[in-house]
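# Understanding the architecture of this molecule
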Amino acid sequence: MNHRLMALAALLAMAALALLSLGMGAEGWQALWRAWGDAGQRAIVLDIRAPRTLGAFLVGALLGLGGAVAQGLFRNPLAEPHLLGSASGAGLSMALALAAGPVLGWPAAWASAEGGAGLVARLGLTALAFLGALGGVALTLVLARGAAQTLRLLLAGVVVGVVLGALTQWLMLWSAEAWRAMQAFMLGNTALLGWPACALMAAVLALALALALALAPVLDALALGEDTARSLGVPLGLARGVLVGVLAAVTAAAVAQAGLVAFVGLVAPHLVRGLTRGRHRALLWAASAVGGVLMLLSDVLARGLLPPQELPVGVLTAVLGGGYLLWLLHRRPA
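All of these numbers come straight from a predicted model, not from anything done at the bench. (Residues numbered from 1 in each chain as written. Predicted model: local features only at pLDDT ≥ 70, side-chain atom pairs only at ≥ 80, totals over all residues. Heavy atoms only, no water.)

## So, the overall build of the protein
Check the secondary structure of the protein and you find 15 helices and zero strands. Expressed as a percentage of the 334 residues in the protein, the buried residues total 49%. Nonlocal contacts in the protein, meaning residues at least 24 apart in sequence, comprise 74% of its contacts between residues at least 6 apart. When the accessible area of the protein is evaluated, it comes to approximately 15400 Å², of which 71% is carbon and sulfur surface. (Helix = DSSP H or I, 4+ residues; strand = E, 2+ residues; numbered from the N terminus. Buried < 20%, exposed > 50% of the residue type's maximum accessible area, 1.4 Å probe, protein only. Contact = heavy atoms within 4.5 Å. Areas by Shrake-Rupley, 256 points an atom, 1.4 Å probe, with all protein chains shown as cover.)

Okay, here's the thing in structure tokens:
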């Protein structure tokens, strides 16, 4: 690891610790210290603020990793984790569940988790969103006839995203109550993240990051072109299949827990690409860490800008990410 990457790792660690303290204590370390001496405040920190704050970081880390994998897999700097239909699949499954709410007893489970029944419904919707995201990716793979051809896979993902998104909008026209409940999902929501969600996302992140790092040489070879990669003896079919599986898993886990969060997966790899010099082994972990910090910053700002109201975290990520991309376009000459 070169000196620049070591400095980046140290900077990200300090930023993450500072934001974690702000997110858990709402006023920094002093608030955490005061809360530790009070049983009620300690329960609020440990049971509500801590899992939400850590969960926000994990969501961003998953999306950052997914963005790095997607951009390397498709050799496209504009690729992002939702590209293979995972987000649209999760959205459609949520819409189906919410539209059938009167029958299932889940009228607005995503927007409210008050009471035991609401919590059970919330867990059910999370599982449905996860399965829907995986289903969207599976449909993309079926239409693309596997992962052998990058262009066919990319086009199939776009088609699946548009069609499933249109079906979701059509379903929402039937039920105004379901539409209101879907708003939190469409704009991103970290308010309901708990310790089980953190454990699930941490497990997915650990496994996906290990697989992605093992396949980093494949992404390096793909950056030189498919023909060059084949000449180097890279098993492109198998490698693409595993990478698509990694991309599907990280995106499904993030979307199921926090809804549709824009720009984090797209922007995070760009922020560190210059430091990694095109080497995916460094880019993958760095993009994951930067994604976590970006998401954590957005979550803290969403809670603190207009107290006691909270802004949707997806709005903040869109503003921060979109602003950075506009600055990047303005900075670079045509």
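## Considerations on the side chain of Ser86
You can see Ser86 is positioned in helix α4 (residues 86-99). With residues near it in sequence (within four places) discarded, Ser86 still touches Pro81, Ala133, Val137 and Thr251.

## With respect to the pattern of salt bridges
Taken as a whole and judged by the stated rule, the model has three salt bridges. Notably, a salt bridge pairs Arg52 with Asp299, separated by 3.2 Å at the nearest N-O pair. In this pair, Arg52 sits in helix α3 (residues 39-74) while Asp299 sits in helix α14 (residues 280-304), placing the two residues 247 residues apart along the sequence. In this structure, the salt-bridge partner of Asp299 is Arg303, at a minimum N-O distance of 2.8 Å. In this pair, Asp299 and Arg303 both sit in helix α14, four residues apart, roughly one turn of the helix. Members of the salt-bridge network, linked through shared partners, are Arg52, Asp299, Arg303 and Glu310. (Salt bridge = Lys/Arg side-chain N within 4 Å of Asp/Glu carboxyl O.)

## A closer look at the nonpolar core
With 68 residues, the main nonpolar core has Val59, Leu62, Leu65, Val69, Phe74 and Leu284 as its most contacted residues. Secondary structure elements with two or more residues in this core: α1 (3-25), α3, α7 (150-172), α9 (195-214), α10 (216-222), α12 (236-258), α13 (264-276) and α14. The dominant element in this core, judged by the number of residues it contributes, is α3, at 12 residues. Leave out the neighbours within four places in its chain, and Val59 touches Leu193, Met201, Ala254, Ala258 and Met295. Core analysis: the second largest hydrophobic core is formed by 21 residues, Leu125, Leu171, Phe185 and Leu260 among them. (Core = buried A, V, L, I, M, F, W, Y, C linked by side-chain atoms within 4.5 Å.)

## Focus on a nonpolar patch on the surface
On the surface, Leu139, Val142, Leu143, Val159, Val163, Leu167, Trp170, Leu173 and Trp174 cluster together to form a nonpolar patch covering roughly 950 Å² of accessible area. At the level of elements, α6 (115-143) and α7 are the ones that each hand at least two residues to the nonpolar patch. The topology assignment puts Leu173 in the loop between α7 and α8 (176-187). (Patch = residues over 30% accessible without salt bridge, like charges linked within 9 Å, V, L, I, M, F, W, Y side chains within 5 Å.)

## A short note on α4
Across its 14 residues, α4 extends 20 Å between first and last C-alpha, which sits within 8% of the 20 Å expected from 1.5 Å per residue. Burial analysis of α4 places 12 of its 14 residues in the buried class, the great majority of the element. What α4 keeps buried is the set Ser86, Ala87, Ser88, Gly89, Ala90, Gly91, Leu92, Ser93, Met94, Ala95, Ala97 and Leu98. (Expected span 1.5 Å × (residues − 1).)

## A few points about the packing of aromatic side chains
Using the criterion set out here, one finds one aromatic pair in the structure. Note on Tyr324 and Trp327: the rings are 6.0 Å apart at their centroids and 35° apart in plane angle, and the pair reads as tilted. Note that Tyr324 and Trp327 are positioned in helix α15 (residues 313-331) at a spacing of three residues, about one turn of the helix. Accessibility expressed as a relative area gives 46% for Trp327, which makes it partly exposed. (Phe/Tyr/Trp six-rings, centres within 6.5 Å; stacked < 30°, edge-to-face > 60°.)

## Topic: unusual backbone geometry
Phi is mostly negative for residues that are not glycine, and the peptide bonds are mostly trans. Phi is positive for Arg75, which is not a glycine, with a value near 50°. By the element assignment, Arg75 lies in the loop between α3 and α4. For Arg75, a relative accessible area of 42% puts it in the partly exposed group. For Phe263, which is not a glycine, the phi torsion comes out positive at approximately 75°. Along the chain, Phe263 turns up in the loop between α12 and α13.

## Points about the packing of α14 against α15
Interhelical geometry of α14 versus α15 gives an angle of 120° and a closest axis separation of 9 Å. Judged by the inter-axis angle, α14 sits oblique to α15. As for how α14 packs across α15, the hand of that crossing is right-handed. When α14 is examined against α15, the residues Met295, Leu297, Ser298, Asp299, Leu301 and Ala302 are found in contact with a partner set consisting of Val313, Leu316, Thr317 and Leu320. Classifying every residue of the contact of α14 with α15 gives seven nonpolar, two polar and one charged. (Axes fitted to C-alpha atoms, helices over the stretch in contact; angles between N-to-C directions. Parallel < 35°, antiparallel > 145°, perpendicular 65-115°, else oblique. Left-handed = near helix turned anticlockwise from the far one by under 90°. Nonpolar A, V, L, I, M, F, W, Y, C, P; charged D, E, K, R; others polar.)

## Some points on the confidence of the model for the protein
This prediction gives the protein a mean pLDDT of 80; 84% of its residues lie at or above 70. Across residues 106-120, where pLDDT falls below 50, the model places 34 contacts with residues more than four positions away in sequence or in other chains. (pLDDT = per-residue confidence, 0-100.)

## Quick notes on the packing of α4 against α7
With their axes 8 Å apart at the nearest point, α4 and α7 run at an angle of 20° to one another. On the basis of their axis angle, the class for α4 and α7 is roughly parallel. You can see that α4 and α7 cross each other, and the crossing is left-handed. Note on element contacts: α7 touches α4 through Val160, Gly161, Leu164, Gly165, Leu167, Thr168, Leu171 and Met172, opposite Ser88, Gly89, Gly91, Leu92, Ala95 and Leu96. Class assignment of the residues belonging to the contact of α4 with α7 gives a composition of eight nonpolar, six polar and no charged.

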